[in-house]
Amino acid sequence: MIDTPSYADALRILGCKDGRLVKVVGFASAAERTGWALAGGGRLAAGLNDMRDGIVRYGKDVVRRMPELKGGVDRHTRTERLAAAHAAIVVSAYFEALGEAKLPFTLDRLDRGEKISHGVPTPERFARLVAELLLERLPTPEPHLPYAETRRAVERAFLHMSEALAGYVGGLSVWDELSVDDQLLLPRMLAEGPPAHALRIYDEDYRSLALDSHEFGVRSLVTERPPPGTALSRVAWLLAELAPPRVGDRPVIHLARMAANALDQPLLVAGKHPEDVTLPLLGEGYLTPRCRVAELTRYAAPAERAWWDDRRLLPDPEAFLVGHLTSLRATRAPLLVLGEPGAGKTKLTEVLAARLARSEFLPIRVELGAVAARADVTEQIEQALKGVLDEQVGYADLVAAGDGAMPVVLLDGLDELLQGGVNRFDYLEHVQEFQAREAGLGRPVAVIVTSRTVVADRIRFPEGLLALQLQPFDDGQVRQWLDIWDQANRSLLARRDLKPLPARAALVHGDMARQPLLLLLLALYDAGGNALQRDHGPLGRARLYEVLLRDYTERETGGARRVAIDQELVLLGTAALSMLARGRQVLTDEALERDLPALCHGGEEDPGDEGERIDWVRKATERFFFVRRNGHAFLHSTFGEFLVAWLTVYALRDLDRRCRLAGDEPLALVQAVDDDLLYAVTSHSCLAERGPTVGFILELLAEVPAAVRERCVTLLAGTLRRSLHERPRRHFTGFLPVRHTVPRRLAAYSANLTLLIVAASDQPVSVSSLLAGPDPLDRWSALTHLWKGNLGHEGWNGLLTALSAHRVIDGGTEDVVLEGEEGARSAAGRSDSTSAGMSAGMSDGMGDVVVAVATGHTPRHRRLLDLLLRALGEGRGLPYRERVRILDELVRTVAVRSPALHQALGAMWAEDGDGHAELRPLLRAVLADPVDRMGAWNALVKAGVPEMALWEIQQHPPSGAEDLGPGR
């Protein structure tokens, strides 16, 4: 929860001029700090009755003066005053109801009681009462909560006030004067009378505030379903209701607002637009998304689809966005927007920025994939501003030039930081610190961050974080968007005797038609020859990408043959591979000039004179699929992920082709397999770093004939057995997007070979067959340790997600089985569910490959172990010391290291408040693991163990018996 204003805060924010009311509140505040006597309790003249009159009078004054209070101030000040006004009417409603309640005494009679009652001075009791009534934080309307929920929170506040008042009366001399029946009935009378009447008064006052302040009206709209709209058009209307559009901005602010206004640009800003269709404009073709909303805690699981099923579906997302930006929460914690690839996260930031550009807000879009990943938030904003304004502008200078316009920073693509080799799991906390720092400097700022849903489990959530999840289109939205496509392209397509894609043909493709980007790609593909209208079978996602890329490449190259088209796709795939290796989504001209010829031309100089040399950058980026963003980027990151998968499968089929061609040569049996292209493609990064890449590979391999896949498995197994041996000479050695060590490249190559073997095989793959020869399990263990030690956090975790390993014993012989089932291939086509890769349809669970081998844990045992660890963390039925002993056994004897272990340690750390002496030896043992100390550190911090505590544990050696463990 965020901090909301108390009644005392409201008086300060609104500048209350009622001296007696301010005095009694000041007395209660001082009494809490110093005690009633030092606070001047003996000289306090006000009583409960006087306080009641002042509070009710001031509440009515606030409602009457609301237009005056919110006029002539900036956006944030108005937000604070509205929250303060709400706090004032909440307390005023209760005290008005209290004065009219039928009680066995009057407030005046309470004030005339003895000065000493039941051994405690009455002023001290009064100070405690005032603190409970006026210093407690009060509910405030929020855009993600229906009014009924806010009303229930207000009712709970009223009940708390009645309980405080009952306790106050019970300590006065008046209590002894009441009859026994009145004493018994008083708590019930206070609980049922004033709160119910106060709620009716509150309803009337809230309606009055909503009539005078559109912000309150907007927050009540979130419970209503608006008519379908495009491009957040109602956001502009609602913002105009709050304040007139700004005019007369300074030049730098005018430029920033102009840069944000992208509504008249095509829905996809590509390097080269297709000539035979018209892309709808962003302001016409972007549909307001459906959203679910939740407040995230450390126990939330937003990366899991099922977790969102029980979260609230927002009836009016546009009213929510306006309500959020005009709420206190907006400047105190970021808003996290999650969605699948192609769900429209980036377009949401573009459209919202455009709608904010003419309002009292100052939108600033930051593409996180195009700025320094390790920079702090302010530096990233300034880098983005330089790209937009073409000059260096300090963030503070820009805000000052805004003349009171509240900045809204839109940080697009947090997943690019998390998947780019930079561990920024605490990035949202840094954003919140940035907001707190700016608020302290008098520059409050709202921040919205977007990310893929699948990486949300790698994010630590700060206090008060709200999250939206963008939902797929429903059938009505699919029809609405295709109507827009129809209007834009009917006449153009009619010239070629074609028709726009109808909804019934699109909906055959299920989930693909419900993701905005994929629906657009389906429409583009169908516009080439109405293929989707002729073939009513579902189209796989990888198939859609490939036919679309081939179709446009063929048209842009004037009907080139398949070989030429393959060369173009290799060129695009090389650019995508270069991005993956660098962990970035944007490439410079220099990077492309170096990498493209190194792989596409073997690194050799182009024959001919200087005038005929190939312009590699122009050749690659002039296509429809590229866009300029402080460099060169793909139209969407999923294009890059598909192209890496396509290039990998291309290199695999090239390996098979070369082996078949060499099959009849006399020296074929003694020559090494020519795997140079496959090595160049797969030795820089683990393919599982990007989950969708693995899913695309599965889909592409499913299209390969079974006989070819079988040959490829045999070839890959032999290549894996030789993969760590020295090769004296290779081609494509000039392709070095990033200079890695030899062990790092061999680790990536061998891991990717294993992934490809499991993906191409129709049956489970045993390690004994994979690593034929003596001691296959020892060799397997060496491989897995090589991977864990060299692939980095992203590569190793991606590999664990994509591979399923379990130990088997057959006839007394021990083995490890790697599985890949058809279920994984069918699951691979589901947007970001491909991040689960092969594990989507594999054996029941996925654990650490090394632990599975070392301890003999089958997937069933891993699930039971995770349940045990979860129970230990939650304290189910066992004393704390017993749970610590069990954890000690798992950590030291069984050498368990898993996310569930880290979560259990974090939960028990929060449970133990006495120095944590029992847990320190265990944490020291976990941090002592030399293989992945940083990963363990980050996992423990995310689980709730403070970094300072870990630092102290690591820096200070154990004192004698401490490190022997609990009870030893």
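Residues numbered from 1 in each chain as written. Predicted model: local features only at pLDDT ≥ 70, side-chain atom pairs only at ≥ 80, totals over all residues. Heavy atoms only, no water.

Enquirer: Explanation requested: the nonpolar core in the structure shown.
Expert: What tends to happen in soluble globular proteins is that the nonpolar side chains get buried as a cluster. If you look at the biggest cluster of nonpolar residues, it comprises 168 residues, and the most contacted ones within it are Trp-481 and Leu-524. Counting residues per element, this core draws most heavily on helix H34 (residues 742-760), at twelve residues. (Core = buried A, V, L, I, M, F, W, Y, C linked by side-chain atoms within 4.5 Å. Buried < 20%, exposed > 50% of the residue type's maximum accessible area, 1.4 Å probe, protein only. Helix = DSSP H or I, 4+ residues; strand = E, 2+ residues; numbered from the N terminus.)

Enquirer: Mind showing me how you'd approach the packing of helix H5 (residues 75-100) against helix H10 (residues 180-212) here?
Expert: Helix-helix packing: each pair is described by the crossing angle between the helix axes and the interaxial distance. Look at H5 against H10: their axes get within 8 Å of each other, and the N-to-C directions meet at 135°. As summarised for this structure, H5 and H10 are arranged oblique, according to the angle between their axes. Crossing geometry of H5 relative to H10 is assigned as right-handed. Where H5 approaches H10, its residues Ala-85, His-86, Ile-89, Val-90, Ala-93, Tyr-94, Glu-96, Ala-97, Leu-98 and Glu-100 are matched on the opposing element by Leu-190, Pro-194, His-197, Ala-198, Ile-201, Tyr-202, Asp-205, Tyr-206 and Leu-209. Partitioned by chemical class, the residues of the contact of H5 with H10 number 14 nonpolar, two polar and three charged. (Axes fitted to C-alpha atoms, helices over the stretch in contact; angles between N-to-C directions. Parallel < 35°, antiparallel > 145°, perpendicular 65-115°, else oblique. Left-handed = near helix turned anticlockwise from the far one by under 90°. Contact = heavy atoms within 4.5 Å. Nonpolar A, V, L, I, M, F, W, Y, C, P; charged D, E, K, R; others polar.)

Enquirer: How do you make sense of the side chain of Glu-438 when you look at a structure like this?
Expert: Checked against the element boundaries, Glu-438 lands in helix H21 (residues 427-440). A relative accessible area of 3% means that Glu-438 is categorised as buried.

Enquirer: I keep staring at unusual backbone geometry and nothing clicks. Help me out?
Expert: Backbone geometry follows two general trends: most residues other than glycine have a negative phi, and most peptide bonds adopt the trans configuration. Look at Asp-390: it is not a glycine, yet its phi comes out positive at around 60°. Structurally, Asp-390 can be placed in the loop between helix H18 (377-389) and helix H19 (395-401). With phi around 60°, Asp-497 is a residue other than glycine that occupies positive phi space. Within the element layout of this structure, Asp-497 appears in the loop between helix H22 (475-494) and helix H23 (503-507).

Enquirer: Please explain the sheet that holds strand S4 (residues 312-314) as it appears in this structure.
Expert: Taken together, seven strands build an open sheet; the order of strands is S4-S3-S9-S5-S8-S7-S6 and the sheet is mixed. In this open sheet, the two edge strands, each paired with only one partner strand, are S4 and strand S6 (361-367). Averaged over all pairs of adjacent strands, the angle between strand axes in this sheet comes to 25°, irrespective of strand direction. Sheet analysis places strand S3 (residues 291-295) next to strand S9 (residues 466-470), joined by five bridges and oriented antiparallel. Among the inter-strand pairings, Val-293 is bridged to a residue of S9, identified as Leu-468. (Pairing = 2+ DSSP bridges.)

Enquirer: Explain the packing of helix H3 (residues 48-64) against H5 here, please?
Expert: Orientation of H3 relative to H5, taken along the N-to-C sense of each, is 135°, at an axis distance of 8 Å. Classified by the angle their axes make, H3 and H5 are oblique. Between H3 and H5 lies a crossing whose hand is left-handed. The segment H3 lies against H5, with Leu-48, Met-51, Arg-52, Ile-55, Val-56, Gly-59, Lys-60, Val-62 and Val-63 engaging Ala-85, Ala-88, Ile-89, Val-91, Ser-92, Phe-95, Glu-96, Gly-99 and Glu-100. Among the residues forming the contact of H3 with H5, the class breakdown is eleven nonpolar, three polar and four charged.

Enquirer: Honestly, helix H27 (residues 562-582) in this entry has me stumped. Any pointers?
Expert: Each turn of an α-helix holds 3.6 residues, which means side chains three or four residues apart point in the same direction. Between its terminal C-alpha atoms H27 stretches 30 Å, which fits the 30 Å expected from 21 residues at 1.5 Å a residue. Of all 21 residues in H27, 17 are buried, a share of seventy percent or more. Looking one or two places after H27, you find Gly-583, whose phi comes out positive at around 70°. (Expected span 1.5 Å × (residues − 1).)

Enquirer: Is there a simple way to think about empty space enclosed by the protein in this case?
Expert: A water-sized probe rolled over the atoms picks out the places where empty space is left. Across all of its chains, the model carries six cavities of 30 Å³ or more by this definition. Lining the largest cavity are Ala-576, Met-579, Leu-580, Arg-584, Gln-585, Ser-637, Gly-640, Glu-641, Val-644, Arg-690 and Thr-693. Listing elements by their share of the lining of the largest cavity, those giving two or more residues are H27 and helix H30 (637-661). Of all the elements, H30 adds the most residues to the lining of the largest cavity, at four residues. For the lining of the largest cavity, the per-class residue count stands at four nonpolar, four polar and three charged. Reported here for the second largest cavity is a volume of approximately 60 Å³. Ile-2, Thr-79, Ala-83, Thr-140, Pro-141, Glu-142, Arg-219, Ser-327, Leu-328 and Arg-329 together form the lining of the second largest cavity. (1 Å grid on protein atoms, 1.4 Å probe; cavity = no way out; pocket = protein on both sides within 12 Å on 5 of 7 lines; lining within 4 Å. Points joined across faces, edges and corners; volume = space filled by probe spheres on them.)

Enquirer: For this particular structure, what's the right way to read the confidence of the model for the protein?
Expert: Keep in mind that low pLDDT regions are not for reading the predicted coordinates in detail. Here the protein shows a mean pLDDT of 82. Residues at 70 or above account for 86%. Scored below 50 in pLDDT, residues 605-609 makes six contacts in the model with residues more than four places away or belonging to other chains. Of the regions scoring below 50 in pLDDT, residues 821-857 engages in 108 contacts with residues more than four places distant in sequence or in other chains. (pLDDT = per-residue confidence, 0-100.)

Enquirer: Where do I start with the packing of aromatic side chains in this structure?
Expert: What describes a pair of aromatic rings is the distance from one ring centre to the other and the angle between the planes of the rings. As enumerated under the stated definition, the model contains 17 aromatic pairs in all. Aromatic side chains Tyr-147 and Tyr-202 sit 6.3 Å apart centroid to centroid with 5° between the ring planes, which places their arrangement in the stacked category. With Tyr-147 in helix H8 (residues 147-170) and Tyr-202 in helix H10, the pair connects residues that are 55 residues apart, well separated along the chain. Residue Tyr-147 is classed as partly exposed on the basis of its relative accessible area of 24%. (Phe/Tyr/Trp six-rings, centres within 6.5 Å; stacked < 30°, edge-to-face > 60°.)

Enquirer: Could you clarify how one ought to interpret helix H42 (residues 899-911) in this entry?
Expert: With 13 residues, H42 should cover 18 Å at 1.5 Å per step; its first-to-last C-alpha distance of 18 Å lies within 8% of that length. Looking at H42, one finds that the buried residues are Ala-900, Leu-901, His-902, Ala-904, Leu-905, Gly-906, Ala-907, Met-908 and Trp-909.

Enquirer: In this structure, what is going on with the pattern of salt bridges? I would like to understand it.
Expert: Should their charged atoms come close, side chains of opposite charge can pair. Using the criterion set out here, one finds 47 salt bridges in the structure. Put simply, Arg-109 and Glu-177 hold a salt bridge, and the shortest N to O gap is 2.7 Å. With Arg-109 in helix H6 (residues 107-111) and Glu-177 in helix H9 (residues 173-177), this pair connects stretches of sequence that are 68 residues apart. Ionic pairing is found between Asp-595 and Arg-582, a salt bridge with its closest N-O pair at 2.6 Å. Of this pair, Asp-595 sits in helix H28 (residues 589-600) while Arg-582 sits in helix H27; the two residues are 13 residues apart in sequence, bridging distant segments of the chain. The exposure class assigned to Asp-595 is buried, which follows from its relative accessible area of 1%. What you see here is one network of salt bridges that share partners, running through Asp-415, Glu-416, Arg-452, Glu-641 and Arg-690. (Salt bridge = Lys/Arg side-chain N within 4 Å of Asp/Glu carboxyl O.)

Enquirer: In this structure, what is going on with the environment of Pro-946? I would like to understand it.
Expert: Among the secondary structure elements, Pro-946 is positioned in the loop between helix H44 (933-943) and helix H45 (947-955). For Pro-946 and Trp-909, which are 37 residues apart along the polypeptide, the C-alpha to C-alpha distance reads 9.2 Å.

Enquirer: Even after reading the chapter, I still don't get the side chain of Glu-699, so can you show me in this structure?
Expert: Positionally, Glu-699 belongs in helix H32 (residues 691-702). Of the side chains bearing the opposite charge, Arg-541 lies closest to the buried Glu-699, which forms no salt bridge; the N-O distance is 6.6 Å. There is a polar contact of 3.2 Å between the side chain of Glu-699 and the backbone nitrogen of Arg-541. (Lys, Arg positive; Asp, Glu negative; His and termini not counted. Polar contact = N/O pair within 3.5 Å; in protein donor to acceptor, adjacent residues only side chain to side chain.)

Enquirer: Is there a simple way to think about the pairing of strand S7 (residues 406-412) in this case?
Expert: Within a regular beta strand, the side chains point alternately toward one face of the sheet and then the other, so they alternate between its two faces. The element S7 is extensively covered by neighbouring structure, given that seven of its seven residues are classed as buried. In terms of strand pairing, S6 meets S7 through seven bridges, oriented parallel. Along S7, the bridge assignment pairs Leu-362 with Pro-407. Relative to strand S8 (residues 446-452), S7 runs parallel, the two sharing five bridges. Considered in S8, the bridge of Val-408 is made with Ala-446.

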